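Report on the structure
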Amino acid sequence: MNAILECRNVSKSYGSTAAVRRLDLKLEENKLYGLLGRNGAGKTTLLNMMAGGIFPDGGHIEVAGTRLKQGDTPGHMCYVREKNAFFGGARIREILQIASAFHPHWDAPFAEELLQAFKLNPNKKIRQLSRGMESLVNNIVGLASRAPLTIFDEPVLGLDVLMREKFYKLLLEDYANHPRTILLSTHLIDEIAPVVERIYIIESGSILLSEEVDNIRMDAHLLQGNGEAIRSFTNGKRVIYEESYGNGSLVAVYDSIGKAERERAASLGITIDGLPLQKFFAYLIEGGRAS
Ligand SMILES: Nc1ncnc2c1ncn2[C@@H]1O[C@H](COP(=O)(O)OP(=O)(O)OP(=O)(O)O)[C@@H](O)[C@H]1O
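An unreviewed UniProt entry annotates the protein as ABC transporter ATP-binding protein originating from Cohnella zeiphila.

Here it is as structure tokens:
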């Protein structure tokens, strides 16, 4: 598949703070991605570089095969920021009109549909909106842009559960009808896991893990049992977290566990459960052991 965006060995520092370090990342055409990382991991710096807002100190970024030069803003892209600089006095309708001028694939009837789905009054001024309503306006811009590459930074910030679900559902439906590349940057792995196909985890400015969600689901396990038995069973396996209690231990393993091994585990009194993705994310980052 063709790449719509590639970061090659990209770095960016602010004074002595290295925000992004020699980072490689590739987004293919027509695929849904998640970018995960805790506070200060470097997500916003990376996204700003992808969108041409800041220029890397080292390495380079290609969008649709063209290397970004300083000052370039890639035309194929809609970058929906967590905080945007919308003029507070503008009405929602005006914001959508401005956005339509920037995005050649803009779908105005779809934007209207989304206004209704999100129960937004287009005559409201930006400054009259709650945090969640502001996120919804951003999300309408991202979805209706139908840009070949759309980046959402924390798209569900401030949204209640119903609106979150509605956003993800509309995004998936629209993606199915109009395939394109979408990157969701967030710290809510469990929420985006059913939505995205591949996940990048960023930690201290570097990619800690790049993996298909299905593979993570298949290989992320939580084992519990006698400490000795666990040690013997996990020998040679990729253990990303361990915790002892008395004679027992609890370990998170990121590796395949076949049928024969499951039988062996059972004979050793070890229980094996799937590891919830949010836990997987936390353990991986805490332990810093992606490989
Ligand atoms: N303009 C800036 N000046 C100085 N340091 C900065 C600046 N922007 C970011 N940093 C630093 O760079 C690092 C990465 O920050 P960044 O905002 O990219 O992380 P993030 O993953 O988006 O975090 P969050 O999820 O909290 O928004 C942090 O250590 C941050 O303090």
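**Let's talk about the confidence of the model for the protein**
It should be kept in mind that the predicted coordinates are not to be read in detail where pLDDT is low. Here the protein shows a mean pLDDT of 92. Residues at 70 or above account for 97%. In the predicted complex, the global pTM is 0.91; the interface-specific ipTM is 0.97.

**Regarding unusual backbone geometry**
A positive phi angle, close to 40 degrees, is found at Arg 22, a residue other than glycine. Accessibility expressed as a relative area gives 61% for Arg 22, which makes it exposed. Positive phi values are uncommon outside glycine, yet Asn 30 reaches one of about 55 degrees. Its relative accessible area of 40% is what places Asn 30 among the partly exposed residues.

**Some points on the site of the ligand**
The immediate surroundings of the ligand are formed by Tyr 14, Thr 17, Ala 19, Arg 38, Asn 39, Gly 40, Ala 41, Gly 42, Lys 43, Thr 44 and Thr 45. In this structure, Thr 45 approaches the ligand through a side-chain N or O atom, which is 2.5 Å from an oxygen atom. Protein burial of the ligand: of its 640 Å² of free accessible surface, 59% is covered by the chains. Where the shell around the ligand is concerned, the elements lending two or more residues are β2 (17-28) and α1 (43-50). Among the elements that line the shell around the ligand, the one with the most residues is α1, at three residues. When grouped by side-chain class, the residues that make up the shell around the ligand number three nonpolar, six polar and two charged.

**Considerations on the packing of helix α4 (residues 131-145) against helix α5 (residues 161-177)**
At a closest axis distance of 11 Å, the pairing of α4 and α5 adopts a crossing angle of 5 degrees. When the interaxial angle is binned, α4 and α5 end up roughly parallel. On α5, the residues touching Leu 136, Asn 139 and Leu 143 of α4 are Met 163, Phe 167, Leu 171 and Asp 174. Its residues placed into classes, the contact of α4 with α5 shows five nonpolar, one polar and one charged.

**Re the sheet that holds strand β14 (residues 271-274)**
In a beta sheet, neighbouring strands are held together by backbone hydrogen bonds and run either parallel or antiparallel to one another. An order of β12-β13-β11-β14 is seen for the four strands of this open sheet, with the pairing classed as antiparallel. Among the strands making up the open sheet, the edge pair consists of β12 (239-245) and β14. The sheet shows a mean angle of 15 degrees between the axes of neighbouring strands, taken without regard to direction. Bridge analysis of strand β11 (residues 220-226) against strand β13 (residues 248-254) gives seven bridges, and the strand direction is antiparallel. In the sheet register, Gln 224 faces β13, and the bridge partner there is Leu 250. Those strands touched by helix α10 (residues 277-287) are β11, β12 and β13, and its axis lies near 95 degrees from that of β12.

**Here we look at the domain arrangement of the protein**
Along its sequence, the protein is organised into domain 1 (3-204) and domain 2 (216-288). For domain 1 and domain 2, the distance between their C-alpha centres works out to 35 Å. Each partner contributes to the interface: domain 1 provides twelve residues, whereas domain 2 provides nine residues. Counting each side, the surface lost to burial between domain 1 and domain 2 is near 820 Å², with a carbon and sulfur contribution of 72%. In terms of surface lost to domain 2, no three residues of domain 1 exceed Ile 189, Asp 190 and Ile 201, which account for 53% of the buried area on that side. Here domain 1 is connected to domain 2 by zero salt bridges. Where domain 1 touches domain 2, the interface holds three residue pairs in polar contact (both at pLDDT 80 or more). At the level of elements, α6 (189-192) and β9 (198-203) are the ones that each hand at least two residues to the side of domain 1 that touches domain 2. With three residues, the single largest contributor to the side of domain 1 that touches domain 2 is β9.

**Section: the environment of Ile 126**
By the secondary structure assignment, Ile 126 is in the loop between α3 (108-117) and α4. What makes Ile 126 buried here is its relative accessible area of 5%. Considering only alpha carbons, one finds Ile 126 and Leu 250, 124 residues apart in sequence, at a separation of 49 Å.

**Some words on the pairing of β12**
Inspection of the sheet shows β12 paired to β13 by six bridges, in the antiparallel sense. Paired with Ser 244 across the strands is Ser 249, a residue of β13. Hairpin remark: β12 followed by β13, antiparallel, with two residues in the connecting loop; positive phi at Gly 246, about 55 degrees.

**A short note on the pattern of salt bridges**
Scanning all chains against the criterion turns up 15 salt bridges. The shortest N-O distance in the salt bridge between Glu 112 and Arg 93 comes to 2.9 Å. On the criterion of sequence distance, the pair formed by Glu 112 in helix α3 and Arg 93 in helix α2 (residues 92-102) is long-range, its members being 19 residues apart. Judged by its relative accessible area of 32%, Arg 93 is partly exposed. Overlapping salt bridges bring together Asp 107, Arg 146, Asp 174 and Arg 180 as one network.

Cut-offs and rules
Residues numbered from 1 in each chain as written. Predicted model: local features only at pLDDT ≥ 70, side-chain atom pairs only at ≥ 80, totals over all residues. Heavy atoms only, no water. pLDDT = per-residue confidence, 0-100. Buried < 20%, exposed > 50% of the residue type's maximum accessible area, 1.4 Å probe, protein only. Near = heavy atom within 4 Å. Polar contact = N/O pair within 3.5 Å; in protein donor to acceptor, adjacent residues only side chain to side chain. Areas by Shrake-Rupley, 256 points an atom, 1.4 Å probe, with all protein chains shown as cover. Helix = DSSP H or I, 4+ residues; strand = E, 2+ residues; numbered from the N terminus. Nonpolar A, V, L, I, M, F, W, Y, C, P; charged D, E, K, R; others polar. Axes fitted to C-alpha atoms, helices over the stretch in contact; angles between N-to-C directions. Parallel < 35°, antiparallel > 145°, perpendicular 65-115°, else oblique. Contact = heavy atoms within 4.5 Å. Pairing = 2+ DSSP bridges. Domains from an automatic or database assignment. Buried area = accessible area lost by both parts, 1.4 Å probe. Salt bridge = Lys/Arg side-chain N within 4 Å of Asp/Glu carboxyl O.

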